[in-house]
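Report on the structure
Chain residues, written in single-letter form:
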Amino acid sequence: MIRVYSLSMARPPINSVPLDGITLKGAVAALCEDRGFVSIDLPFAGSGKKRFTVVASMPKSCFSMAGGFITIDGHVTIDSPIEALRRFTEGSREIAEDPQLPFSGGIIGYIGFEAAKALLGFAPAEGFSRLPQCMLGFYDNFLLFDHIENTVRAVSSSENDISITALSDRARIASATWQIPSGSRSTNGDFRLLPKDSSFDRIAKNAFDWLRSEALERFHMVRHAERPAPSMMLRDFICSGSKSSINFSFTHEGAACEFCSSENIAFCGDGTHSIGDIISRFPAPSATGTPRSAAIACIEAGERNHRTFYGGGFGTISGKTSSFWTISSSSSFVDGTIRTTAGADILADSHPAAVKKIMDKKLLGV
């Protein structure tokens, strides 16, 4: 029998406790090797200005997708992807909300490009990495950092407030004792680009054929860069990431990933939205092309390297509010290798070499 965390019972009030002496990097370092670790930046009320960061781990319940398999709390379900996701998220509508907080608890996670395709009825990808295409967790206790007020709070909607003490104590210890080793960062000198130039040129030609036939108005090409980082530790990767826009980080079975975005594609604050409404926004047209259906068909016809997460989304679902951001760049750390993904638009009159140069500059600048 599949266990799904239910909120049908009466929920306790939100407990919010101010803390001292805890830094964001210290909290991340303390918790990033826990099961279900996540760190997500949040603006206030759906605005584009980053203000808060939520750091959490050990979710109450977890939903994940890998290939054609959907797992809820360690059990494989035979439901269709969209039905399983709808069943998992329905309880988040009932969680209590504190109007003074940007997030009071609920679902945090991501829906990658391949997961979005499967949820929309496309065939799932094969040969995917051990990082799931989709992972969503239900979190009822977390640390909330306010970068404007320069404060941190432990927040819990759990009946057992001991979780707040555990979070704060571990984060305080780490903030006092840990910093990124100077030799752990990777250099740009040893890398390989995927697809290779010959394959990239073939994909570009295929896309230009679609553009010139007017089947596409715009197409968003994607390229990956891989570089070795054998001396880097998981927490080094997470804590040394880019923080210039809205960010989301997670760890899973010794691997880690960070997403960045500046585009909010699914915000609703009145409780009228459904998971189907959210899914309908993915994969994001800004990161695939227009019309979206034709762009996805062009991707299926021409690309051999999965887009993995690029063009999907990450965000939160809580009470009457949901907010998801496009995954406009991603960087993962798996088995001592860092892989980054970036993209660029092409039009019918674009020059392939110029597009390639733009993407490579993005990739090697990460």
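Summary of the structure given here. (Residues numbered from 1 in each chain as written. Predicted model: local features only at pLDDT ≥ 70, side-chain atom pairs only at ≥ 80, totals over all residues. Heavy atoms only, no water.)

Quick word on the nonpolar core
Nonpolar side chains tend toward joint burial in soluble globular proteins. Judged by nonpolar contacts, the single largest core of 28 residues is most densely connected at Phe248, Phe250, Phe259 and Phe314. Elements represented by at least two residues in this core include exactly strand E2 (38–43), strand E3 (50–56), strand E7 (106–111), strand E8 (134–139), strand E9 (141–146), strand E13 (246–252) and strand E14 (255–261). In this structure Phe250 touches Phe37, Val38, Tyr110, Leu131, Ile238, Ala255, Ala256, Cys257, Phe259 and Phe309, once residues within four positions along its chain are discounted. Among the nonpolar cores identified, the runner-up in size contains 27 residues, and Ala27, Phe37, Met232 and Cys239 belong to it. (Core = buried A, V, L, I, M, F, W, Y, C linked by side-chain atoms within 4.5 Å. Buried < 20%, exposed > 50% of the residue type's maximum accessible area, 1.4 Å probe, protein only. Helix = DSSP H or I, 4+ residues; strand = E, 2+ residues; numbered from the N terminus. Contact = heavy atoms within 4.5 Å.)

Here's the deal with unusual backbone geometry
In the segment running from Phe282 into Pro283, the intervening peptide bond is cis, with an omega of -15 degrees. Note that Pro283 resides in the loop between helix H7 (275–279) and strand E16 (289–290). A cis amide bond links Thr290 with the next residue in sequence, Pro291, at an omega value of -10 degrees. Not every positive phi belongs to a glycine, and Thr308 is a case in point at roughly 50 degrees. We classify Thr308 as buried; its relative accessible area is 15%.

Some details on helix H2 (residues 81–89)
Listed in full, the buried residues belonging to H2 are Ala84, Leu85, Phe88 and Thr89. Viewed along the axis of H2, the buried residues span an arc of 125 degrees, placing them on a single side of the element. (Arc of directions from axis to C-beta.)

Considerations on helix H9 (residues 352–364)
With 13 residues, H9 extends 18 Å from end C-alpha to end C-alpha; this agrees with the ideal 18 Å at 1.5 Å per step. When H9 is considered as a whole, its buried residues turn out to be Val355, Lys356, Met359, Asp360 and Leu363. For H9, the arc enclosing every buried residue in end-on projection is 130 degrees, short of the 170-degree limit, so these residues lie on one face. Facing away from the buried surface of H9 by more than 90 degrees, the exposed residues are Lys357 and Lys361. Residues of H9 that are buried make contact with strand E11 (192–194), helix H5 (197–212), strand E12 (218–228) and strand E20 (337–346). (Expected span 1.5 Å × (residues − 1).)

Digging into the sheet that holds E7
If you trace the 8 strands from one edge of the open sheet to the other, you get E6-E5-E4-E8-E7-E17-E18-E15, paired in antiparallel fashion. The sheet is open, and its two edges are formed by strand E6 (75–77) and strand E15 (264–268), each paired on a single side. On average, adjacent strands in this sheet sit at an angle of 15 degrees to one another, irrespective of strand direction. Here E7 runs beside E8; their pairing, made up of 6 bridges, is antiparallel. Among the inter-strand pairings, Ile107 is bridged to a residue of E8, identified as Phe138. Along the sheet, H2 makes contact with strand E4 (61–66), strand E5 (69–72), E6, E7, E8 and strand E17 (313–318), crossing E4 at roughly 165 degrees. (Pairing = 2+ DSSP bridges. Axes fitted to C-alpha atoms, helices over the stretch in contact; angles between N-to-C directions.)

Observations concerning the packing of aromatic side chains
Going through the model one piece at a time under the given rule, you end up with 15 aromatic pairs. With 5.5 Å between their ring centres and 80 degrees between their planes, Tyr110 and Phe259 make a pair best called edge-to-face. Taken as a pair, Tyr110 in strand E7 and Phe259 in strand E14 lie far apart in primary sequence, 149 residues in all. Classification of Tyr110 as buried rests on a relative accessible area of 1%. (Phe/Tyr/Trp six-rings, centres within 6.5 Å; stacked < 30°, edge-to-face > 60°.)

A few points about the pairing of E7
Where burial is concerned, most of E7 is hidden: 6 out of the 6 residues are buried. Two elements, E7 and E17, share 5 bridges in a ladder whose sense is antiparallel. Pairing of Ile107 across the sheet is with Ile317, part of E17.

Let's talk about the packing of H5 against H9
Look at H5 against H9: their axes get within 11 Å of each other, and the N-to-C directions meet at 120 degrees. The angle between the axes of H5 and H9 places the two elements in the oblique class. For the pair H5 and H9, the sense of crossing is right-handed. Between H5 and H9, the contacting residues are Asp197, Phe200, Asp201 and Phe208 on the first element and Pro352, Lys356 and Met359 on the second. Classifying every residue of the contact of H5 with H9 gives 4 nonpolar, no polar and 3 charged. (Parallel < 35°, antiparallel > 145°, perpendicular 65-115°, else oblique. Left-handed = near helix turned anticlockwise from the far one by under 90°. Nonpolar A, V, L, I, M, F, W, Y, C, P; charged D, E, K, R; others polar.)

Focus on the side chain of Ser330
The residue Ser330 is located in strand E19 (residues 329–334) in this model. If we skip the residues at most four places from it in the chain, Ser330 touches Glu258, Phe259, Phe309, Arg339, Thr340 and Thr341.

What about the pattern of salt bridges?
What the rule picks out here adds up to 18 salt bridges. Of the charged contacts, one joins Glu300 and Lys117 as a salt bridge, the two residues approaching to 2.4 Å between their closest N and O atoms. On the criterion of sequence distance, the pair formed by Glu300 in helix H8 (residues 292–302) and Lys117 in helix H3 (residues 113–119) is long-range, its members being 183 residues apart. The residue Asp197 makes a salt bridge to Arg223 at a minimum N-O spacing of 2.6 Å. You can see Asp197 sitting in helix H5 and its partner Arg223 sitting in strand E12, a full 26 residues away along the chain. Asp197 sits in the partly exposed class, given a relative accessible area of 42%. Members of the salt-bridge network, linked through shared partners, are Asp197, Asp201, Arg223, Lys356 and Asp360. (Salt bridge = Lys/Arg side-chain N within 4 Å of Asp/Glu carboxyl O.)

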